[in-house]
Amino acid sequence: MTGDRVLRMALPAAMLALVVLVWDLTVRLFAIPPYVLPGPGLVATTLIADRALLWQSLLVTLSITVQGFALASIGGVFWAVVFNQFRLIEYSFYPYAVILQVTPVIAIAPLLLIYMPQSLAVLVCAWIVAFFPVLANTTLGLNSVDHNLLALFELYKASRWQILMRLKLPAALPQMLAGLRIAGGLSLIGAVVAEIAAGSAGAGSGLAYRIAESGYRLNIPRMFAALLLLSLAGVAIFLVLSAVSYAVLRRWHESAIRRER
Amino acid sequence: MPPEESSPAHPVVTLRGVGKTFERGTVALDGFDLTVRAGEFVSLLGPSGCGKSTALRIVAGLSQASVGTVETTAGHSGGIGFVFQDPTLMPWADVATNVRLPLDLLPGDAVTSRDAVARALASVGLTEFAASYPRELSGGMRMRASIARALVTGPQLLLMDEPFAALDEINRFKLNNDLLALWHDLRRTVIFVTHSVFESVYLSQRIVVMTSRPGRVFAEIDIPASQPRNEEFRTSADYAGYCRQVADALAGAMAVTS
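Peer 1: What exactly am I supposed to notice about the overall build of chain A here?
Peer 2: Helix and strand counts for chain A stand at ten helices and zero strands. Listing every helix and strand of chain A by position from the N terminus yields α-α-α-α-α-α-α-α-α-α. Judged by the C-alpha coordinates and their principal axes, chain A covers about 75 × 55 × 25 Å. Looking at chain A as a whole, 41% of its 261 residues qualify as buried. In chain A, once contacts between residues fewer than 6 apart in sequence are set aside, the share between residues at least 24 apart is 73%.

Peer 1: Whenever I open this one, the packing of aromatic side chains confuses me. Can you help?
Peer 2: Aromatic rings considered in pairs are described by the distance between their centres and by the relative angle of their planes. Enumeration over the complete set of coordinates arrives at 15 aromatic pairs over all chains. For the ring pair Trp79 of chain A and Phe83 of chain A, a centre distance of 6.0 Å and an interplane angle of 50 degrees mean the geometry is tilted. One end of the pair, Trp79 of chain A, and the other, Phe83 of chain A, are both in helix H3 (residues 51–85), four residues apart, so they sit about a helical turn from each other. By relative accessible area, which is 3% here, Phe83 of chain A ends up buried. An aromatic cluster of three or more residues is present, and its members are Phe78, Trp79, Phe83, Phe93, Tyr94 and Phe132 of chain A. Between the NZ or CZ atom of Arg234 of chain B and the centre of the ring of Phe173 of chain B, over which it lies, the distance is 3.5 Å. Against the face of Tyr202 of chain B rests Arg234 of chain B, its NZ or CZ located 3.9 Å from the ring centre.

Peer 1: Please clarify how the packing of helix H5 (residues 105–115) of chain A against helix H8 (residues 160–198) of chain A should be interpreted in this entry.
Peer 2: For any two helices packed against each other, one specifies the crossing angle of their axes together with the interaxial distance. All names here are of chain A. At a closest axis distance of 9 Å, the pairing of H5 and H8 adopts a crossing angle of 50 degrees. One element, H5, and the other, H8, form an angle in the oblique class. In this structure, the crossing between H5 and H8 has a hand that is right-handed. Contacts between H5 and H8 involve Val105, Ile106, Ala109 and Leu113 from the former and Val193, Ala194, Ala197 and Ala198 from the latter.

Peer 1: Explain the interface of chain A and chain B here, please?
Peer 2: For an interface, size is often stated in terms of accessible area lost upon the parts coming together. With 20 residues of chain A at the interface, the matching set in chain B holds 28 residues. Taken over both partners, the interface formed by chain A and chain B buries close to 2,100 Å², and the fraction arising from carbon and sulfur atoms is 66%. Linking chain A to chain B there are two salt bridges. Note that Arg166 of chain A and Asp104 of chain B form a salt bridge whose closest N and O atoms lie 3.5 Å from each other. Viewed at the interface, chain B and chain A are joined by four residue pairs in polar contact (both at pLDDT 80 or more). Where the side of chain A that touches chain B is concerned, the elements lending two or more residues are helix H7 (147–155) and H8 of chain A. With seven residues, H7 of chain A is the largest single contributor of residues to the side of chain A that touches chain B. Counted by class, the side of chain A that touches chain B contains twelve nonpolar, two polar and six charged residues.

Peer 1: Quick question: what am I supposed to make of the domain arrangement of chain A here?
Peer 2: Residues and elements named next belong to chain A. Segmenting chain A into domains produces domain 1 (1–31) and domain 2 (38–256). Its C-alpha centre places domain 1 at a distance of 30 Å from the equivalent point of domain 2. Tallying the contact residues gives four residues for domain 1 and five residues for domain 2. Summed over both sides, the interface between domain 1 and domain 2 buries roughly 330 Å², with carbon and sulfur atoms accounting for 81% of that surface. For the interface between domain 1 and domain 2, the tally reads zero salt bridges. Here the residues of the side of domain 1 that touches domain 2 are counted per class, giving three nonpolar, no polar and one charged.

Peer 1: Before we go on, may I ask you to explain the sheet that holds strand S2 (residues 27–37) of chain B in this structure?
Peer 2: Across a sheet, paired strands are connected by hydrogen bonds in the backbone, their directions being either parallel or antiparallel. Residues and elements named next belong to chain B. Ordered by their spatial adjacency, three strands build an open sheet running S2-S1-S4, and the pairing between neighbours is antiparallel. In the strand order of this sheet, the two ends are held by S2 and strand S4 (67–72), each with one partner. Sheet twist, expressed as the average angle between the axes of neighbouring strands with direction ignored, equals 15 degrees. Relative to S4, strand S1 (residues 11–21) runs antiparallel, the two being bridged by five bridges. Within S4, the position partnered with Arg16 by the bridge is Thr69.

Peer 1: What am I meant to see in the nonpolar core here?
Peer 2: Inside soluble globular proteins, nonpolar side chains tend to come together where they are buried. Residues Phe32, Leu44, Leu157 and Leu159 of chain B are the most contacted members of the largest nonpolar core, which totals 81 residues. In terms of residues, this core owes the most to one element, H8 of chain A, which gives ten residues. Excluding residues within four positions of it along the chain, Phe32 of chain B makes contact with Leu15, Arg16, Gly17, Val18, Leu44, Ala55, Met210, Gly215, Arg216 and Val217 of chain B. Val99, Met160, Leu167 and Val201 of chain B belong to the second largest nonpolar core, which has 51 residues in total.

Peer 1: Which parts of the structure should I look at to understand the pattern of salt bridges?
Peer 2: As a working rule, side chains carrying opposite charge can pair if their charged atoms are close by. Counted by the stated rule, this structure contains 16 salt bridges over all chains. Among the ionic pairs, Glu213 of chain A bridges to Arg217 of chain A, the shortest N-O distance being 3.2 Å. A residue is classified by how much of its surface remains accessible, and Glu213 of chain A, at 9% relative accessible area, is buried. Residue class for Arg217 of chain A comes out exposed when judged on its relative accessible area of 58%. What you see here is one network of salt bridges that share partners, running through Arg166 of chain A together with Arg100 and Asp104 of chain B.

Peer 1: Help me understand the sheet that holds strand S3 (residues 41–45) of chain B in this model?
Peer 2: All names here are of chain B. Pairing within the open sheet is mixed, and its six strands lie in the order S5-S6-S7-S3-S8-S9. The open sheet terminates on both sides in strands that have one partner only, identified here as strand S5 (80–83) and strand S9 (216–222). Across the sheet, the axes of successive neighbouring strands diverge by a mean angle of 15 degrees, strand direction being ignored. In the sheet, strand S8 (residues 206–211) pairs with S9 via six bridges, with the strands oriented antiparallel. Bridge pairing in S9 places Arg206 opposite Asp222.

Peer 1: How should empty space enclosed by the protein be read in this particular structure?
Peer 2: Where empty space is left can be seen by rolling a probe of water-molecule size over the atoms. Residues and elements named next belong to chain B. Counted according to the given criterion, the structure contains two cavities of 30 Å³ or more. Computed from the structure, the largest cavity encloses a volume of approximately 50 Å³. Lining of the largest cavity is provided by Leu151, Leu158, Leu179, Leu182, Trp183, Leu186, Arg188 and Val190. With four residues, the single largest contributor to the lining of the largest cavity is helix H5 (residues 169–186). When the residues that make up the lining of the largest cavity are grouped by side-chain class, the tally is seven nonpolar, no polar and one charged. In this structure, the second largest cavity occupies an estimated 40 Å³ of space. What lines the second largest cavity is simply Val124, Arg144, Ile147, Leu175, Asp178, Leu179 and Leu182. Elements that contribute at least two residues to the lining of the second largest cavity include exactly helix H4 (139–151) and H5. A per-element tally of the lining of the second largest cavity places H5 first, with four residues. Here the lining of the second largest cavity is built from residues that sort into five nonpolar, no polar and two charged. Each of two domains, domain 1 (3–74 + 158–257) and domain 2 (89–155), supplies a minimum of three residues to the lining of the second largest cavity.

Rules of the game
Residues numbered from 1 in each chain as written. Chains lettered and ligands numbered in written order. Predicted model: local features only at pLDDT ≥ 70, side-chain atom pairs only at ≥ 80, totals over all residues. Heavy atoms only, no water. Helix = DSSP H or I, 4+ residues; strand = E, 2+ residues; numbered from the N terminus. Buried < 20%, exposed > 50% of the residue type's maximum accessible area, 1.4 Å probe, protein only. Contact = heavy atoms within 4.5 Å. Phe/Tyr/Trp six-rings, centres within 6.5 Å; stacked < 30°, edge-to-face > 60°. Lys NZ or Arg CZ within 6 Å of the ring centre and 35° of its normal. Axes fitted to C-alpha atoms, helices over the stretch in contact; angles between N-to-C directions. Parallel < 35°, antiparallel > 145°, perpendicular 65-115°, else oblique. Left-handed = near helix turned anticlockwise from the far one by under 90°. Buried area = accessible area lost by both parts, 1.4 Å probe. Salt bridge = Lys/Arg side-chain N within 4 Å of Asp/Glu carboxyl O. Polar contact = N/O pair within 3.5 Å; in protein donor to acceptor, adjacent residues only side chain to side chain. Nonpolar A, V, L, I, M, F, W, Y, C, P; charged D, E, K, R; others polar. Domains from an automatic or database assignment. Pairing = 2+ DSSP bridges. Core = buried A, V, L, I, M, F, W, Y, C linked by side-chain atoms within 4.5 Å. 1 Å grid on protein atoms, 1.4 Å probe; cavity = no way out; pocket = protein on both sides within 12 Å on 5 of 7 lines; lining within 4 Å. Points joined across faces, edges and corners; volume = space filled by probe spheres on them.

If you want it as C-alpha cells, here you go:
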C-alpha cells in the first residue's frame, strides 16, 4: 500500500522533471527565441521578477472565483431544495436553469459587459458556469433518498422540515460535494473567460487579463508565468474541495473509503 | 406471551375484507382477513409477490387499503415498530443516532431518550457498538441495529418484513433465537413476514399461509409448541411435523395460484 502511494507521488514528479528537461533542451538546442517559446528558466525568472504584478492579478482572479463559487454553492443548494420541496416552482424554472447552462458563457460575457460594471460582469460569469453543477447534483442527491428510509420517517410522522434536514440533505451530501468540486474549477474558468472578454486595463485586472495583455505586447515569458499561476490556482481549488469532501464523507461514504483486498 | 397462560387477549390488529389494487392494475390483496391479538407472534407465509409485504405496510399505515377496514390499537405515534428487509440505516449517522431516530422525530425529552436508546442497544447486544457507523458493522449487526431502532419507542406492535432473508443461515438462526427471547421478555405483538417455512414454524404461534395474485388467506395453522423454543426444538420430530404440515399448506396455496 505504501509502495503504491510512493509511486503515485513519484511518477508524476518524474514526468514533470522529464517534460521540463525536454522543454529546456529543445529551446537551447534549436535556439528558439523567447518571443516564440521561452525556456523554463526564463519563465521562472519572469515569475520572480514580475511577482508583485502577477501576485496582485492572482488575488483579483482568485477573489472573483471564490465569490462566484460561494454564490453558486449557496444558490445551487438553495434552489435545489426549493425545487425539491415545491414541484410547481421546479417545473417553472428548471428549463431556464438548463438554458443558462447550455449557452456558452463566452457568448454571454460581452453582453453582460454592456449592462454591468466590469467586475460585476466577471463575477456573474463565474457564477453562471458554477451554479448549474451544484443545482443539478444536489437535485439528484435529494431525489435519490432510500425509499424505505422515507417510509420510516413517515411511520414516525416526521414533518417535511424533519425529512429535509435529517434525511434528504444528509443523503444528498455526496452528490452535493461532487457538484461543488466541479463548480470550483468551473468558476475559475468563468472568471477567466469574462476577464478575457472584458480585456480592459486598470488596477483591478486579473491573471487572464495579464495573459491577453502580455500576448499583445509579445511578452511571451510573462504569458507562460501567468498561465502557470492560473493552473496552480485551479489545482489548489480542486485539492481544497477534495479535502473538504473527504473530511465530510470519510466515516460513511464508499467513495471516501479505501478498499481493502 | 406464551399461549398457555393467555386469557383471550384483545385484538391489536383487525383487517376485514382488505383489498389493494396498485395504479397499474396489479391486485396485490383481495378479501384479506387477519386478526392478531395482543402478545401473539403471527407469521405471514407465502411465495414472493403474494402481497404479504403489502399487508404489512397497510397495517403500518404506510399504504392505504383500496377496500375493506383496517383497525389497530397501536396506531398512536411510536406504537408501531417496523423492520425492513434491508437494515435501512442512515449511513451518515452512528448506531446510537440511528437507534435514537424515532425518538428524535417524535416529541419527547432527551434524558428519557438516552435511557431508551441504551436499553434498546443492550437488548440486541450492540451496546459496545453505539459509536460505530453502519458500514463498519456486519450484516447481522446492522439488522440488530435496525431491530433496536424499531424497539426504541417501546411499540405495542412490531412489524417485520423478511428481516433475515439476506443473512446467512448461522446468523439467521442466531437472530431467530434472539428475536424469540426478546419477544418473550418484552411481550410485544409481532407480525413477521417470511417466505421460509422453517423460519415461520420456529418463530410463530400461528402461521397465515397466503396465495398470490391476488393475495388471500389460504390456511391458518397454529403451532402450539411451547415456549421458550431453542435449538432442541429446531431438531425435534415435532418441529419436522409442523414443517411438513405448513409446507403442504404452502404447496396447496401455490397450486391455487397457478
